[in-house]
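Architecture at a glance
These are the residues of each chain, in order.
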Amino acid sequence: MGFARTCSVALVGVEGVVVEVQADLEPGVAAFTLVGLPDKSLTESRDRVRAAVVNSGAEWPQKKLTVGLSPASVPKAGSGFDLAVASAVLGAAERIDPRVLADLVMIGELGLDGRVRPVRGTLPAVIAAADAGYEQVVVPECAAAEASLVPGVSVLGIRSLRQLIAVLTDEPVPEEEPGGQGRPDPLLAGLRVPGTGAATGMHSAGAAHYDPGCDLADLADVVGQLPARTGVEVAAAGGHHLFLEGPPGAGKTMLAERLPSLLPPLDRQESLEVTAVHSVAGLLPPGKPLIDTAPYCAPHHSATMQALVGGGPGIARPGAVSLAHRGVLFLDETPEFGGRALDALRQPLEAGHVVLARSSGVVRFPARFLMVLAANPCPCGRFSPKEALCECPPSLIRRYQARLSGPLLDRVDLRVEAERVTRAELTADGARGESTATVADRVRAARERAAARLAGTPWRTNGDIPGRELRRRWHAAPGALEDAERSLERGVLSARGLDRVLRVAWTVADLVGHDRPDVTDVALALQLRTGVPRGVPMAIGALT
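Residues numbered from 1 in each chain as written. Predicted model: local features only at pLDDT ≥ 70, side-chain atom pairs only at ≥ 80, totals over all residues. Heavy atoms only, no water.

1. Section: the pairing of strand E11 (residues 242-245)
Note that E11 and strand E16 (residues 370-375) share four bridges and pair parallel. Paired with Phe 243 across the strands is Leu 373, a residue of E16. Sheet topology note: the E11/strand E17 (residues 414-417) ladder contains four bridges and is parallel. Within E17, the position partnered with Phe 243 by the bridge is Arg 415. (Pairing = 2+ DSSP bridges. Helix = DSSP H or I, 4+ residues; strand = E, 2+ residues; numbered from the N terminus.)

2. Points about the packing of aromatic side chains
Here the structure, examined in full by the defined rule, presents two aromatic pairs. Ring centres of Phe 32 and Trp 60 lie 5.7 Å apart, and the angle between their planes is 45°; on these two criteria the pair is classed as tilted. In this pair, Phe 32 sits in strand E3 (residues 31-35) while Trp 60 sits in the loop between helix H2 (45-55) and strand E4 (64-70), placing the two residues 28 residues apart along the sequence. Look at Trp 459 and Trp 474: their rings are 6.5 Å apart centre to centre, the planes differ by 80°, and that puts the pair in the edge-to-face class. Of this pair, Trp 459 sits in the loop between helix H18 (436-453) and helix H19 (467-473) while Trp 474 is found in the loop between H19 and helix H20 (482-489), placing the two residues 15 residues apart along the sequence. Neither Trp 459 nor Trp 474 differs from the other in exposure class; each is buried. (Phe/Tyr/Trp six-rings, centres within 6.5 Å; stacked < 30°, edge-to-face > 60°. Buried < 20%, exposed > 50% of the residue type's maximum accessible area, 1.4 Å probe, protein only.)

3. Regarding the pattern of salt bridges
For the structure shown, the criterion picks out 31 salt bridges. Measuring nitrogen to oxygen at the nearest pair gives 3.5 Å for the salt bridge that ties Arg 50 to Asp 47. Within this pair, Arg 50 and its partner Asp 47 are both found in helix H2, separated by three residues, close to a single helical turn. A relative accessible area of 51% places Asp 47 in the exposed class. (Salt bridge = Lys/Arg side-chain N within 4 Å of Asp/Glu carboxyl O.)

4. Quick look at the pairing of E3
The alternating pattern of E3 places Phe 32 and Leu 34 on a buried face, while none of Ala 31, Thr 33 and Val 35, on the opposite face, is buried. Examined bridge by bridge, E3 and E4 share five bridges and lie parallel to one another. Bridge pairing in E4 places Val 35 opposite Gly 68.

5. Examining the side chain of His 241
The topology assignment puts His 241 in the loop between helix H8 (226-238) and E11. By relative accessible area, His 241 is classed as buried at 9%. Of note is the side chain of His 241, whose polar atom sits 3.0 Å from the backbone nitrogen of Met 371. The contact partners of His 241, leaving out residues within four places of it in the chain, are Leu 349, Phe 369, Leu 370, Met 371, Arg 411, Val 412, Asp 413 and Leu 414. (Polar contact = N/O pair within 3.5 Å; in protein donor to acceptor, adjacent residues only side chain to side chain. Contact = heavy atoms within 4.5 Å.)

6. Observations concerning the confidence of the model for the protein chain
With 90% of its residues at a pLDDT of at least 70, the protein chain reaches an overall mean of 87. Overall, residues 193-201 carries pLDDT values under 50, and its contacts beyond four positions in sequence, including any with other chains, amount to 15 contacts. (pLDDT = per-residue confidence, 0-100.)

Encoded structure:
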């Protein structure tokens, strides 16, 4: 009788559980039994592993073989256990010393020829192994850079099962031919989710189109729209949710697409969080294992509730709110989204994460994002109190605007109207607004002021601070809140709305360099919240 064990990782959402892969050989009729709550793709590993072992030059044991995945109560899915199963079988057959395998964590899929293919979720799997105390992991060579992002873990990248056998038995390591030159790496085929990428709006802002130094996405390209530009700047500086309403062609989408380039680069912890989510979703940019810029996600208005918040058959997958973690979620044509899908955003907006309960288990995905809503004022898009261009009946306008529920809009800090661009603004020479670099510098300085003020607290930006703590620990200038308090008494603001005005006022103060909000800062915050003019300049540069 032979016995060997090694380890792999089962992913539940973006969290991993170390699984012990045990192989037991007994005399009897040759058979291969896999136990431990495997799914369909994992059950099929029996045929993949047998072919890979034989084609790697090793002998397949002609005995009764049982492979167990422990703990048996944890659902296991995917082909990432292939490498561990093959190693455990070879250890039980004494082709590899079982003692060498005991402290290794192996992650990878096997091809029939013995090549090792990458799988989704390598980074969170290695993080789980490191948290469990393991110091050595074996991954496909093309995923070694991603696995090496985890400190304190020794990573061995291999191309084939033959190479792994040679390394573990101190034999000469054979050379493996790389994939076809000049063609996409066949090992990466299927690693990315089909139908997602830059064209769908689900991608990282690391692409050149959203690079802060790229002229293709400069904020100066937006003509006019001073209030909307100010709203975007304040949203980026304080992490405030933004609602842009205006006619078609006013520049709402252009502003939203340029918002990620205003956000500061992600720190190390944030980068690992974002990379882990995108790794599980299969959306890591090729050749860039670490995402260090704010992601941008813009799902189509036909997206379902599962596509927005996550879910799907079997083990739940991350949705748009998780793909936009630490970045921007842009919902264009917001009234066209389903009511249930929009209302499902309330919980992640408040909690910063999504908890999905399924029959296979409960999954938790991070979802702390900056939400930007964009909508036309009516179905034809031409309704305006200043111009009589709209032909929609008043009842139709009310029904269209009522598609956005009050509880959802109450969670939005900034509500800005994007006005129709005039001919003079569009044809004027030399009338470009501030560039992305100028505004990004101001946003970065404002975030640094907020971070210094919030040092020692669990909050990072003004948009995260609970209203109770904001009123108790940080006070505005004397008399600065009188207008806001009167708006509360008249019913223009709710209690939550007053807290959000105060948060925005602190962000405005950080942008203009004030130690605490004064009357002007609060007036601008009220104007950005309610849309009612307060007689203050809308440009942040005019207040400094």
